[in-house]
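The lines below spell out each chain.
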Amino acid sequence: MVTIPRLVIAAPASGSGKTTVATGLMAAFTRRGLAVSPHKVGPDYIDPGYHALATGRAGRNLDAYMCGPELVAPLFAHGARGCDLAIVEGVMGLYDGASGQGELASTAHVAKLLQAPVVLVVDASSQSRSVAALVHGFASWDPEVRISGVILNKVGSDRHEMLLRDALDESGVPVMGVLRRAEQVATPSRHLGLVPVAERRGDAVAAVAAMGAQVSGGCDLDALMALARSAPRSPAGSGAWDPVEAVRGAVGSGDVCDAAVPLPGPGSRTPDGPAGGGPDRPGHGRPVIAVAGGPAFTFSYAEHSELLAAAGAEVVTFDPLRDVALPEGTRGLVIGGGFPEVYAPELSANEPLRKAVADLAAAGAPVAAECAGLLYLSRSLDGLPMCGVLDAEGRMSKRLTLGYREAVAITDSALAAVGTRLRGHEFHRTVLEPGAGPAPAWGMHLPERRVEGFVQQGVHASYLHTHWASAPGIARRFVERAAG
């Protein structure tokens, strides 16, 4: 594996400014002409959108719970291939991981798996000398976590900065940046976090530019780059993850069917890299898999489309807010997460597309729907007609459902055979009634035992977000069903 200079941007707690600093660093180094690979610890879909805007590359997630610790370094190397620098934004506080699972999936865990130096972002707005005690505690908690620098955020004045620097001189952890309060870098939030880039493109471009300018002016970029270059060779085993090899390795795993579509050779291309096939190669007998995008469906992992292409599909993105028909020749449909509740009137008004989706499902084509996709397939959302594929109704709720899940497939579907076990994540402030159909998709084991989701004909619909890199047989099975 080629050594990639890398930094992990962490914080003592959520709200400290990780996204501002990480995105600002990505923008600042990109402006210097470097190819920057953006990564996010955990299942977050929204921050990677800002990362992609800052770097011009797909934002990628590193989730040791959903994908397993053994895939973190290979997925990192896959995303960072050919780059000059990789920046990894952490999740929550540095040592916060999956509930009840120790360090699993924490920023500290991922930093250790990548052998990457950590820069701690500290909200210094309400402290002075105490900052040294805080940094010392975080730096000494786990000797395997290398906290190599501090960036002080929300510093109030020159006097405040001097007090903070004097205190940190005693900690042994160098200050690599000081950022003052700046309203222009703020990004709006709502019920599930930041508003995605796709919903505020112009404002998001301005915000990312402001983050880059603030970080360039307040941080020692040369020192940070030197720190990134000090990272040792990452222990990625056999090297970078490869979608074609992942799909090939899934053959005979028990959760895939016999091959119905010939796999691409090693020299062909995916939409984002050197393996598989993609929308730049229409036709050629490859089944078209339509993937929902646009402002209402922004939650997706880049590896899903890469795996579908590696399994033999032509992957075509469409926007359910604007497109009145599915892509020509659609044989399968993937509808990921997002904010259909925000765009319910517009989705409902697009009757031609709702009918096309319902007709495709009625014809038995494979349809994979997660969270927002589940709601879109329902009979109604907040009283507005949706596609009517599922006999269920969705509505907004005051309760946030959030957390990792362990699940087992309890109905054979286009995604998984009965007994397939996966780890996933739920993140929604809506409810669907009923929450499961006559043939549920999953049996959940955490945090409580329950059944969830719907399987009918070729449709697999559920609130559960999954990362297909952990079970690449999903993509192969789905494409085979589309081709069959």
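Rules used throughout
- Residues numbered from 1 in each chain as written.
- Predicted model: local features only at pLDDT ≥ 70, side-chain atom pairs only at ≥ 80, totals over all residues.
- Heavy atoms only, no water.
- Pairing = 2+ DSSP bridges.
- Helix = DSSP H or I, 4+ residues; strand = E, 2+ residues; numbered from the N terminus.
- Axes fitted to C-alpha atoms, helices over the stretch in contact; angles between N-to-C directions.
- Contact = heavy atoms within 4.5 Å.
- Buried < 20%, exposed > 50% of the residue type's maximum accessible area, 1.4 Å probe, protein only.
- Arc of directions from axis to C-beta.
- 1 Å grid on protein atoms, 1.4 Å probe; cavity = no way out; pocket = protein on both sides within 12 Å on 5 of 7 lines; lining within 4 Å.
- Points joined across faces, edges and corners; volume = space filled by probe spheres on them.
- Nonpolar A, V, L, I, M, F, W, Y, C, P; charged D, E, K, R; others polar.
- Salt bridge = Lys/Arg side-chain N within 4 Å of Asp/Glu carboxyl O.
- Polar contact = N/O pair within 3.5 Å; in protein donor to acceptor, adjacent residues only side chain to side chain.

### Structural notes on the sheet that holds strand β10 (residues 288–292)
The pairing of strands in a sheet comes from backbone hydrogen bonds and takes either a parallel or an antiparallel form.
Then, in step 1: Here 6 strands make up an open sheet; going across it, the order is β11-β10-β12-β13-β21-β20 and the pairing mixed. A single partner strand is all that each edge strand has here, and the edge strands are β11 (314–318) and β20 (454–456). Direction aside, the axes of adjacent strands within the sheet are offset by 15 degrees on average.
Then, in step 2: Bridge count between β20 and strand β21 (residues 459–462): 3 bridges; the pairing is antiparallel. Its bridge partner lying in β21, V455 is registered against H460.
Then, in step 3: Lying on the sheet, helix α10 (residues 302–310) is in contact with β10, β11 and β12 (330–335); it crosses β11 at an angle near 140 degrees.
Then, in step 4: The sheet contacts of helix α12 (residues 351–362) involve β11, β12, β13 (367–370) and β21, and relative to β12 the element is tilted by about 110 degrees.

### Some words on helix α8 (residues 221–229)
Then, in step 1: Along α8, the residues classified as buried are L221, L224, M225, L227 and A228. Here the buried residues of α8 occupy an arc of 160 degrees about the axis, which is enough to place them on one side. Those residues of α8 that are exposed and angled more than 90 degrees off the buried face are D222 and R229.

### Here we look at empty space enclosed by the protein
Then, in step 1: Under the criterion given, the structure shown has 1 cavity of 30 Å³ or more.
Then, in step 2: Counted as a void, the largest cavity has a volume near 40 Å³.
Then, in step 3: Lining the largest cavity we find 10 residues, and of these E341, C371, L375, H428 and T430 sit closest to its centre.
Then, in step 4: Of all the elements, strand β17 (residues 421–433) adds the most residues to the lining of the largest cavity, at 3 residues.
Then, in step 5: Class assignment for the residues of the lining of the largest cavity results in 5 nonpolar, 3 polar and 2 charged.

### Notes on the pattern of salt bridges
Then, in step 1: A full pass over the atoms with the stated rule returns 23 salt bridges.
Then, in step 2: Residue E393 is joined to R379 by a salt bridge in which the shortest nitrogen-to-oxygen separation is 3.0 Å. Taken as a pair, E393 in strand β16 (residues 393–409) and R379 in the loop between α13 (372–377) and β14 (380–381) lie far apart in primary sequence, 14 residues in all.
Then, in step 3: A relative accessible area of 37% means that E393 is categorised as partly exposed.
Then, in step 4: Under the relative-accessibility criterion, R379 is labelled partly exposed at 35%.
Then, in step 5: Each of the salt bridges in this network shares a partner with another, and the network as a whole consists of D158, E161, R165 and R180.

### Focus: the side chain of R60
Then, in step 1: By secondary structure assignment, the location of R60 is in strand β3 (residues 60–62).
Then, in step 2: Looking at R60, its side chain comes within polar contact range of the side chain of E303, at 3.2 Å.

### Overview of the sheet that holds strand β6 (residues 147–155)
Then, in step 1: With parallel pairing, the 7 strands of this open sheet are ordered in space as β3-β2-β4-β1-β5-β6-β7. On the outer flanks of this sheet lie β3 and β7 (175–180), each paired with one strand and no other. On average, adjacent strands in this sheet sit at an angle of 25 degrees to one another, irrespective of strand direction.
Then, in step 2: Sheet topology note: the strand β5 (residues 118–123)/β6 ladder contains 6 bridges and is parallel. Bridge pairing links V122 to L152 in β6.

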